[in-house]
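Fold and geometry: a report
As a plain string of letters, each chain reads:
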Amino acid sequence: MKSGLCLALDPTLRSNDAEQFEQSLRRQVAGQDEAIEKVAEIYQMFLAGLNPVGRPVGNLLFLGPTGSGKTRVVEAVAEALFGDSHACVKIDCAEFQHSHEIAKLIGSPPGYLGHRETHPLLTQEALNQWHTETCKVSILLFDEIEKASDSLWQLLLGILDKGTLTLGDNRRVDLSQCLIFMTSNLGANEMNGLVDGGMGFNRKVATIDTRVDEKMGHTAMEAARRKFSPEFMNRIDKIVVFRSLRHEHLEKILDMELGQVQQRILKSAAGVPFVFQCSQRIKEHLLAEGTDAKYGARHLKRAIERNLVFPLANLVATGQARPGDLIKVDFDDAGKMTFVREAENALPVTPYLPEKASEAAMAQSAAMRSARVGTGRVPATGDRRS
Ligand SMILES: Nc1ncnc2c1ncn2[C@@H]1O[C@H](COP(=O)(O)OP(=O)(O)OP(=O)(O)O)[C@@H](O)[C@H]1O
Ligand SMILES: [Mg+2]
């Protein structure tokens, strides 16, 4: 019998928790929307309790060029879930290139030399150490997996498939509450060749179009298929190819990094909360120094420290910067950096505070959501679940 109640449901709606999670990722990561969406989808599935039983919550493989944000996304997930970007167990596969080094991860069996001395990295306690009352998921990162030894591969295959691991002393580790991330820059050289005839990390926005992006995705996937066995690839839920960052993304990353410096100043133990503003010319200079073809945005932080944080620290330490000041940073006509107090009692003039970024992130997230409604989802490359 047909009931009178027929209500159309909206499967594109996300819960508040998942929405906030996604917004937090957008505040921290620029230009890698596909990665953010995939992680947010998996998190929503976890919140709904629908992730597969007896497997990790999600197995994600991130491919793409150096300095494009692969590791940054994982840190952003840790920050979003636990308020600490280091709240994850990170396994640097380059450190486990010899089979015997696996003991550092899982410990040696009883009776073996060093059995008592080795403290395995991958214990249940290590994985659960950041759990809170409300969030019982762990983050496990295998960085540069192409460098893993055969024995690490065997271990990884077991973890990805069954979500369990047996330590050297026979204790079992349950990884079914784990988000597992793997990164690799396999194929990055070939990808670089596709952009600007060898200029891998793109500064000239106009030169990358969607076809190049598609080709780059294809190239990375091919490189992964050549290197990794089908049994490994079949255990991955999502493969995301990170794109070369455009100038607009670099500008956004610079603003994020400057925002972090502003936060540091406002929270600093020295108790001199002041506000700084950089001119466009200073920003261009930081971008030119901190980003390059080979290492992406990897050196941006260092350029900011050297050009901005050190001089600002001197101003604080010598009492020239005072609480509430607004300090403008620019170049003079001779090309020398200038630091000028433009106003006093300027707080709460806070140009780089996260609230601003948060508004932008919310707007972006809402726009993407409405774009998804009615258009259906585009299946991701290598996407097993969707
Ligand atoms: N998409 C991005 N959004 C925000 N910050 C980024 C992004 N890409 C790079 N960065 C900045 O550059 C630094 C290096 O990036 P990251 O470590 O994520 O590179 P990666 O892709 O993991 O490179 P590799 O393959 O060499 O490990 C980050 O700490 C961050 O400051
Ligand atoms: Mg990395």
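Provided above is the structure to which this section pertains.
Scope of this entry: the structure provided in the associated data block. From a predicted model like this one, the values you see are computed outputs, not experimental measurements.

Digging into the overall build of the chain
Secondary structure summary: the chain contains 13 helices and 10 strands in total. Per-residue burial over the chain gives 34% buried out of 386 residues. Taking the contacts inside the chain whose residues are at least 6 apart along the sequence as the reference set, 72% of them involve residues at least 24 apart.

So, unusual backbone geometry
Positive phi values are uncommon outside glycine, yet Glu144 reaches one of about 55°. Relative to the elements of secondary structure, Glu144 occurs in the loop between strand E3 (138–143) and helix H6 (150–162). The exposure class assigned to Glu144 is partly exposed, which follows from the 18 C-beta atoms found within 10 Å. Of note, Asn170 is a non-glycine position whose phi angle comes to about 75°, a positive value. Structurally, the position occupied by Asn170 is in the loop between strand E4 (164–166) and strand E5 (172–174). Taking the C-beta count within 10 Å as the criterion, Asn170 has 9 such neighbours and is therefore assigned exposed.

Considering the sheet that holds strand E6 (residues 178–184)
In space, the 5 strands of this open sheet follow the order E2-E3-E6-E1-E7, with parallel pairing throughout. Of all strands in the sheet, those with a lone pairing partner are strand E2 (89–92) and strand E7 (238–241), marking the two edges. For this sheet, the mean angle separating the axes of adjacent strands, direction not counted, is 15°. As paired elements, E2 and E3 share 4 bridges and run parallel to each other. For Val89, the partnering residue across the bridge sits in E3 and is Leu140. Sitting on the sheet, helix H3 (residues 70–82) is in contact with strand E1 (58–63), E3 and E6, with an inclination near 165° to E3. Contacts from helix H8 (residues 210–227) reach E1 and E7, with the element oriented near 130° to E7.

Overview of the packing of helix H11 (residues 280–290) against helix H12 (residues 300–317)
Two elements in contact, H11 and H12, have axes whose closest approach is 8 Å; the angle formed by their N-to-C orientations is 130°. With respect to H12, the element H11 is oriented oblique. Classified by chirality, the crossing of H12 by H11 is right-handed. Residues Leu286, Glu289 and Gly290 of H11 form the contact with H12, whose own contacting residues are Leu300, Arg302, Ala303, Ile304 and Asn307. Classifying every residue of the contact of H11 with H12 gives 4 nonpolar, 2 polar and 2 charged.

With respect to the site of ligand 1
Around ligand 1, 21 residues are found, and the nearest of them are Thr66, Gly69, Lys70, Thr71 and Arg72. For the shell around ligand 1, the secondary structure elements donating two or more residues are H3, helix H10 (247–267) and H12. Ranked by residues supplied to the shell around ligand 1, first place goes to H3 with 3 residues. Considering only residue class, the shell around ligand 1 consists of 7 nonpolar, 10 polar and 4 charged. Counting the residues that make up the shell around ligand 1, at least three belong to each of domain 1 (16–245) and domain 2 (248–375).

Comments concerning the environment of Glu22
Position of Glu22 among the secondary structure elements: in helix H1 (residues 16–28). Taking the C-alpha atoms as reference points, Glu22 and Ile36, separated by 14 residues in sequence, lie 6.8 Å from one another.

Notes on the nonpolar core
Among soluble globular proteins, nonpolar side chains are generally buried collectively. Counting 80 residues, the largest nonpolar core has Leu25, Val39, Phe62, Leu63, Val77, Leu179 and Ile180 as its most contacted members. There are two domains that each give this core at least three residues, and those are domain 1 (16–245) and domain 2 (248–375). With residues up to four places along the chain from it excluded, the contact list for Leu63 reads Ser184, Leu186, Gly187, Ala220, Ala224, Ile239, Val241 and Phe242.

Quick look at the pairing of E7
Of the two faces of E7, both are covered, the one formed by Lys238 and Val240 as well as the one formed by Ile239 and Val241. Both E1 and E7 contribute to a ladder of 4 bridges, which runs parallel. The partner of Leu61 across the bridge, within E7, is Ile239.

Overview of the pairing of E1
Within E1, 6 of the 6 residues are buried, which leaves it mostly tucked inside the rest of the structure. Covered by surrounding structure in E1 are Gly58, Leu60 and Phe62 together with Asn59, Leu61 and Leu63, the residues of both alternating faces. Two strands pair when backbone bridges link them, and E1 and E6 are joined in this way by 6 bridges, in the parallel orientation. Following the sheet pairing, Leu63 is matched in E6 by Ser184.

Points about H6
Each α-helix winds once per 3.6 residues, and so residues spaced three or four apart point in a common direction. Over its 13 residues, H6 extends 18 Å from the first C-alpha to the last, a length consistent with the 18 Å expected when each residue adds 1.5 Å. Of the positions making up H6, those classed as buried are Leu152, Leu155, Leu156, Ile159 and Leu160. What you see down the axis of H6 is that its buried residues fit within an arc of 130°, all on one side. Against the buried residues of H6 lie E1, E3, E4 and E6. Looking one or two places after H6, you find Gly163, whose phi comes out positive at around 70°.

Structural notes on the packing of H1 against H3
Here H1 crosses H3 at 135°, and the two axes come no closer than 9 Å. Considering their axes alone, H1 and H3 lie oblique with respect to each other. Crossing geometry of H1 relative to H3 is assigned as right-handed. Contact residues: Phe21, Ser24, Leu25 and Gln28 in H1; Ala76, Val77, Glu79 and Ala80 in H3. Of the residues contributing to the contact of H1 with H3, the split by class is 5 nonpolar, 2 polar and 1 charged.

Parameters at a glance
- Residues numbered from 1 in each chain as written.
- Chains lettered and ligands numbered in written order.
- Predicted model: local features only at pLDDT ≥ 70, side-chain atom pairs only at ≥ 80, totals over all residues.
- Helix = DSSP H or I, 4+ residues; strand = E, 2+ residues; numbered from the N terminus.
- Buried ≥ 20, exposed ≤ 12 C-beta atoms within 10 Å, placed from the backbone.
- Contact = placed C-beta atoms within 7 Å.
- Pairing = 2+ DSSP bridges.
- Axes fitted to C-alpha atoms, helices over the stretch in contact; angles between N-to-C directions.
- Parallel < 35°, antiparallel > 145°, perpendicular 65-115°, else oblique.
- Left-handed = near helix turned anticlockwise from the far one by under 90°.
- Nonpolar A, V, L, I, M, F, W, Y, C, P; charged D, E, K, R; others polar.
- Near = placed C-beta within 6 Å.
- Domains from an automatic or database assignment.
- Core = buried A, V, L, I, M, F, W, Y, C linked by C-beta atoms within 7 Å.
- Expected span 1.5 Å × (residues − 1).
- Arc of directions from axis to C-beta.

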